[in-house]
Amino acid sequence: MDKKDNANGISRKDIAMQNFLKGYNCTQSVLLAFEDLLPVENRKEIICMASSFGGGMGRLREVCGSVSGMFLVAGLLYGYEGPETGQKKTELYTRIQELAHKFEEQNGSIVCRELLGLNVKEEKPVPEARTGEYYKKRPCKELIGMAAGILEDFINENMEDNTCSQQ
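The rules behind the values
- Residues numbered from 1 in each chain as written.
- Predicted model: local features only at pLDDT ≥ 70, side-chain atom pairs only at ≥ 80, totals over all residues.
- Heavy atoms only, no water.
- Helix = DSSP H or I, 4+ residues; strand = E, 2+ residues; numbered from the N terminus.
- Buried < 20%, exposed > 50% of the residue type's maximum accessible area, 1.4 Å probe, protein only.
- Contact = heavy atoms within 4.5 Å.
- Axes fitted to C-alpha atoms, helices over the stretch in contact; angles between N-to-C directions.
- Parallel < 35°, antiparallel > 145°, perpendicular 65-115°, else oblique.
- Left-handed = near helix turned anticlockwise from the far one by under 90°.
- Nonpolar A, V, L, I, M, F, W, Y, C, P; charged D, E, K, R; others polar.

S.K.: Teacher, can you tell me more about the environment of lysine 141 here?
M.R.: For lysine 141, the position within the fold is in helix 9 (residues 140-158). What makes lysine 141 partly exposed here is its relative accessible area of 25%. Put simply, lysine 141 and methionine 17 are 124 residues apart on the chain and 5.4 Å apart in space, counted from C-alpha to C-alpha. Apart from the residues lying within four places of it in its own chain, the contact partners of lysine 141 are Met17, Phe20 and Leu21.

See the structure below:
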């Protein structure tokens, strides 16, 4: 898969960033940039599945939604079925930690509130309006782009290893 291998000739990083500007949350934005690779037939299901992870998991400002998006895609491509406790689980967790470390190396954290420069957890469930000012003060679009870029490189390096999408 080439970085411009999509039907539109646009990188997945750019698709993810465009998704965010359309109003999708961070997790949905990343997940949808890879939807053509996922073993999921119903687009609505993956959008709904990812909806609760925005804002660092329901706006709790915990794990960044773009990181959660990387993890969801990785699980769908490289995950395991059933109550696995052995090598398959270890292999997946190794991949997840590699993705997390790459994101953290570039951004200093995988935690939403730290990436946004917030000192305390934010537990207000009401999201901010997506205005021009919102987009100017938030690094979210760029973080989403970085996550999609990291994931795209990872998939390119590990495409032959995907398990769940080949079952």
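Now, onward.
S.K.: Help me understand the packing of helix 5 (residues 65-78) against helix 6 (residues 87-107) in this model?
M.R.: Two numbers describe a pair of packed helices, the interaxial angle and the distance between the axes. One way to put it is that helix 5 packs onto helix 6 with a least axis distance of 10 Å and a crossing angle of 150°. Judged by the angle between their axes, helix 5 and helix 6 are roughly antiparallel. The handedness of the crossing between helix 5 and helix 6 is right-handed. Note on element contacts: helix 6 touches helix 5 through Leu92, Arg95, Ile96, Leu99, Ala100 and Phe103, opposite Ser66, Val67, Met70, Phe71, Ala74, Gly75 and Tyr78. Considering only residue class, the contact of helix 5 with helix 6 consists of 10 nonpolar, two polar and one charged.

S.K.: Is there a simple way to think about the packing of helix 5 against helix 9 in this case?
M.R.: Put simply, helix 5 and helix 9 touch, their axes get as near as 9 Å, and they point 20° apart. For the element pair helix 5 / helix 9, the angle class is roughly parallel. The way helix 5 lies across helix 9 gives a crossing that is right-handed. Note on element contacts: helix 9 touches helix 5 through Leu143, Ile144, Ala147, Ile150, Leu151, Phe154, Ile155 and Asn158, opposite Ser66, Met70, Val73, Leu77 and Tyr78. Broken down by class, the residue content of the contact of helix 5 with helix 9 amounts to 11 nonpolar, two polar and no charged.

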